[in-house]
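Coordinate analysis (summary)
Here are the chains, one letter per residue:
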Amino acid sequence: MTSSETSLDKNYIESAVLSCHNLCYQVGIGLRKKTEKKILRDVSGVYRPGLTAIMGPSGSGKTSLIDLLADRVDIDPKQLKGKILLNGSRFPSNYHIISGYVVQDDVVTGSLTVRENLLFAANMRLKSDIGADAKKELVDSILKELLLQKCANTKVGTELIKGVSGGERKRCNIGMELVVSPKILFLDEPTTGLDASTSLTVMKILRRLASHGGRTIIFSVHQPRFSIFKQFDCLHLLSAHGQTVYHGAVSNVIDYFSNIDLKCESFNNPADFFLDCVLKHNSTRFAEKELDNGKKGNVNDSEAGVTKEQEEFFDIAENDKMDLASLFQKSSENQNLLQDCSKICPTDDSVSKPESFKVSYASTWFEQFFYLSKRSFINYTRNPAISFIELSMMAFLALFCGIFFWDIEHDQNGFQNIYGALFFMTAQMMWTNLSSIETFIQDRNLFLHELANGYYRPSSFFFGKLATDLFPRRLFPTIIFVSIFYWMCGMEPDIDKFFFALLVCTLATMAGCGVAFFFGVLVGNFAIASSLVTLFYITFMIFGGLMMNVEDMKPWISWLQWISITRHSLGPMTASQTENLEFCGTRTFELNNNTYKSQYTCENGVDILKQQGIGHDAEDLWLSVVILFIIIVVTFSATFTKIIFTKKQK
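What this report covers is the structure whose coordinates are included nearby. Once a new chain begins, its residue numbering starts again from 1 and follows that chain's sequence as written. Local features in this predicted model are restricted to residues whose pLDDT is 70 or higher, and side-chain atom pairs enter the listing and the counts only when it is 80 or higher, whereas totals over whole chains, interfaces and linings include all residues. The side-chain quantities take in all heavy atoms of the structure and omit both hydrogens and water.

Overview of the overall build of the chain
Scanning the chain from terminus to terminus reveals 26 helices and 11 strands. Looking at the 650 residues of the chain, the share that counts as buried comes to 53%. Between two residues, a contact is recorded if the distance between any of their heavy atoms is within 4.5 Å. Nonlocal contacts in the chain, meaning residues at least 24 apart in sequence, comprise 76% of its contacts between residues at least 6 apart. Per element, the accessible surface of the chain, about 30200 Å² overall, is 55% carbon and sulfur. Here a strand is any run of E in DSSP of at least two residues, a helix any run of H or I of at least four, and the numbering for each starts at the N terminus. The buried label goes to any residue with under 20% of its type's maximum accessible area, the exposed label to any with over 50%, and the partly exposed label to all in between, with areas taken from a 1.4 Å probe on protein chains only. Per-residue and other accessible areas follow the Shrake-Rupley method at a 1.4 Å probe size, with only the shown protein chains counted as cover for residues.

Written out as C-alpha cells, the structure is:
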C-alpha cells in the first residue's frame with residue numbers, strides 16, 4: 001500500500017457494521033402518486049466488513065436497498081418502516097463523507113483526462129496534510145490497479161470530444177471512489193459495461209480493499225460469472241417482490257438450497273441457478289397470494305403486479321408452489337440473522353445517537369473553491385463550442401448591428417434611433433445569456449453524486465461555478481459587445497458615459513443570468529426552464545418603456561415596471577445619452593387637404609425623456625442601478641438557497 005493510503009487508514013480505523021431491521025419500503029406511482037407500490041417487504045440484514053453482494057431479478061429492489069443503506073434518497077416517513085443502523089446507532093450527519101457510492105450510470109467530467117478526474121477526487125477528498133506527491137502516487141496506484149495506465153492521459157469524452165471506452169469510463173468512476181479508501185463502499189452494478197476479464201479484475205480489487213482495513217463493501221449484481229461469485233463473502237438474495245430469499249455466507253448458500261431440495265448441478269453457475277430458482281418458485285407463489293388477495297378485495301391487481309399472462313401461468317404451475325421467502329423465514333440461517341439483529345438493536349428505544357465518525361470535509365472551503373473553479377475552467381477552455389463560438393458570436397453581432405445603427409445623427413428621428421439602439425443592446429444582454437440556464441443543469445447529476453459522496457460543500461460548488469461561468473462566459477462577452485457597439489453607433493464620446501453604459505449592461509447581464517440560474521436549478525430541465533425564462537424576459541421587454549409608455553399603463557399592472565430588467569437598464573442609459581442633446585430638423589405639417597408647411601424645429605432631450613416617463617436626474621439613474629443590483633442579489637440568493645437545500649440523491 002502507498003504512504004497516502006496508510007495515512008488514510010488512521011482516519012478510518014474503526015470497522016463499520018451496517019444493519020437493517022424489518023425494512024418495508026414503498027413508493028407512489030402514477031402522476032398523482034396515489035397508488036403505492038411495495039418495493040421491499042420485511043427485509044433484515046447485517047452487513048459486516050467484507051464483500052456483500054445483493055442479488056435478485058430485475059425489479060426486486062436491489063438498487064432501492066442500496067440507496068437506503070447508503071442514505072442517498074430523501075424518504076417520506078410514510079414510505080419507510082423499520083430501521084437502518086450503523087454500528088447500532090443512527091446515521092451520523094456526515095455519513096456520506098465516510099462512505100463512497102459508485103452509481104450505475106457513469107458520472108465523470110468528460111473534458112478531463114482519466115488522471116485529472118482521479119486527481120480532482122484526491123484533492124477534494126483527501127486531507128491537506130497529505131502532500132501533492134502522495135496524492136499523485138495514490139492516483140498512479142489506482143490507475144495501475146484498474147488497468148488504466150494506457151488511457152490515463154486521455155480525455156474521458158463528451159458529445160464533442162472522443163474519449164475512452166465504456167469499460168475504461170466505468171473503471172474511472174470506481175477509481176474516484178477508491179481514492180479515499182472509504183470505510184463503507186456502495187456500488188450499483190459495478191460490472192455493467194465491463195468485459196468478463198475486467199469485471200473479475202475489478203472484483204479482485206474490491207476484495208483486496210475489503211480485506212485491508214476492515215472495509216464494508218456492498219454492491220448489487222445481476223448474474224455474475226462463477227469466478228466473480230467466488231469473490232463474495234456474503235450474499236443477500238431478494239425475490240422478485242422484494243423479500244429476502246437468503247442472507248448469509250456465500251460458502252453456505254449451495255448447501256442451504258440443497259437442503260430445500262434445490263440442488264445446483266456440478267457445471268451450473270450458482271448465481272444463474274439461484275436466480276432461476278427465485279423466478280421459478282418464489283415469484284410464482286408470492287404473486288399467486290397477491291392475486292388471491294386482490295380477488296378478495298384486499299389488494300387490486302395493479303398493486304399486486306399481476307398480469308393476465310401471469311394468471312394463466314399460475315394455472316400451469318399449480319403443482320409448483322414452493323415459497324422460498326417463507327422457507328427462509330423458518331430456516332436456521334434466518335434465526336441466526338434475527339439473533340444477530342437483536343444484539344445490534346434489542347428494543348425500539350435502545351438505538352443511541354452516533355458517538356463516532358465525527359468527520360468533517362477533508363478539504364477546506366477555499367481548496368474546494370479552487371479545484372472546482374480549476375475543473376470548470378479546464379472544461380471551458382477544452383470545449384470549443386463554448387469558448388470560441390460564444391465570443392465570436394458576440395463580436396459578430398456587435399459589428400453587424402453596429403453597422404445597422406452606424407453613427408446615429410441628432411435629427412428629428414435621432415432620439416428614436418438612440419432609444420432603439422439602446423433597447424437592442426439591453427435585450428442582447430438578456431437573450432444571449434439564455435444559455436446560462438444550462439450552467440447548473442449540465443452538471444446536475446455530477447453535482448448530486450459528488451455532493452452525496454462528500455466531495456465539497458454546496459456553497460463552494462455555487463461560487464466556483466460563478467467564478468468560471470459568470471465572468472468569462474457572460475461578463476467578458478458583454479464588455480466586448482458594448483465596447484464595439486457603443487462607439488459604432490455614435491453614442492456620446494464622454495468616457496464617463498461609456499463606463500456608465502458598461503456598468504448598466506454588466507448589471508443587466510448579471511440580472512438576466514440570475515433569473516436563468518434560478519429557473520435552471522428550480523426546474524432542472526432545460527426545455528421547461530427556457531420557456532419560463534423566455535416568459536420573464538418578454539415581460540421585462542414589454543415593461544421596458546419602448547413598446548408602450550409606462551405613464552399610459554393601467555395602475556393595476558404598471559407596477560411590473562419596477563422588476564423589469566429592461567426598464568432599469570434602458571431608462572438610465574437613454575437619459576445619460578440624451579439629456580444634454582437637442583434633436584433638430586425640418587418637420588412637415590399638414591394644414592388642410594393639399595396644403596403642407598415645413599418648419600425647422602428642435603426638441604430638448606430632457607423634454608422627450610419626460611414625455612417617455614424616463615427620469616433623468618442623478619437620483620433616478622442610480623435608483624435604477626440599485627434596483628438592478630437588488631434583482632441580482634435576490635435571484636442569486638434564491639439560486640444558492642435552492643442548491644443548499646437540494647434533496648439527497650444518488
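Now that the structure has been shown, the text picks up again.
Considering helix 16 (residues 389-404)
To estimate how far a helix should reach, multiply one less than its number of residues by 1.5 Å. An ideal rise of 1.5 Å per residue puts 22 Å on 16 residues; helix 16 measures up with 22 Å between its terminal C-alpha atoms. Residues Glu-390, Met-394, Ala-398, Cys-401 and Gly-402 constitute the buried set of helix 16. In an axial view of helix 16, the angular spread of the buried residues amounts to 110°, which keeps them on one side of the axis. Exposed side of helix 16, more than 90 degrees from the buried face: Phe-400 and Ile-403 are the residues found there. Taking the helix axis as origin, the arc is that swept by the directions to the C-beta atoms.

Brief notes about unusual backbone geometry
Even without a glycine there, the phi angle at Asn-22 is positive, about 50°. Tracing the backbone through its elements, the reader meets Asn-22 in strand 1 (residues 18-29). Residue Asn-22 is classed as partly exposed on the basis of its relative accessible area of 43%. Its identity as a non-glycine residue notwithstanding, Asp-261 has a phi of 65°, on the positive side. By the secondary structure assignment, Asp-261 is in the loop between helix 8 (250-259) and helix 9 (270-295). The class for Asp-261 is exposed, based on a relative accessible area of 65%.

Considerations on the side chain of Ser-576
Note on placement: Ser-576 falls in helix 24 (residues 565-578). Leaving out residues up to four positions away in the same chain, Ser-576 has contacts with Lys-497, Phe-500 and Leu-621.

Some words on the pairing of strand 3 (residues 50-55)
Along a regular strand, successive side chains alternate from one face of the sheet to the other. The element strand 3 is largely enclosed, with a buried count of 6 among its 6 residues. Going residue by residue along strand 3, you find Gly-50, Thr-52 and Ile-54 tucked away on one face and Leu-51, Ala-53 and Met-55 tucked away on the opposite face as well. With 4 bridges connecting them, strand 3 and strand 8 (residues 234-238) associate as parallel partners. From the neighbouring strand, Thr-52 faces strand 8, where its bridge partner is Cys-234. Pairs of strands are assigned from DSSP output, requiring at least two bridges between the strands.

What about the pattern of salt bridges?
By convention in these notes, a salt bridge is any Lys or Arg side-chain nitrogen within 4 Å of a carboxyl oxygen on Asp or Glu. Here the structure, examined in full by the defined rule, presents 10 salt bridges. The partner of Arg-375 in a salt bridge is Glu-450, and the shortest N-O contact between them spans 2.8 Å. One end of the pair, Arg-375, is in helix 14 (residues 365-381); the other, Glu-450, is in helix 19 (residues 444-452), and 75 residues separate them in sequence. Take Arg-375: its relative accessible area is 7%, and that puts it in the buried class. Its relative accessible area of 1% is what places Glu-450 among the buried residues. Residues joined in a network through salt bridges with shared partners are Asp-469, Arg-473 and Arg-474.

Some details on the sheet that holds strand 8
Taking strand neighbours across the sheet as the criterion, the 6 strands line up as 5-6-7-3-8-9 in an open arrangement whose pairing is mixed. If you trace the sheet from one side to the other, it starts and ends with strand 5 (99-102) and strand 9 (244-249), each paired once. Recorded for the sheet is a direction-independent mean angle of 10° between the axes of neighbouring strands. Looking at chain direction, strand 5 and strand 6 (residues 184-188) are connected through 4 bridges and run parallel. Following the sheet pairing, Ser-99 is matched in strand 6 by Ile-184. Orientation is described by lines fitted to C-alpha atoms, with helices fitted over the stretch in contact, and by angles between N-to-C directions that extend from 0 to 180 degrees.

Coordinates in, geometry out; function isn't part of it.
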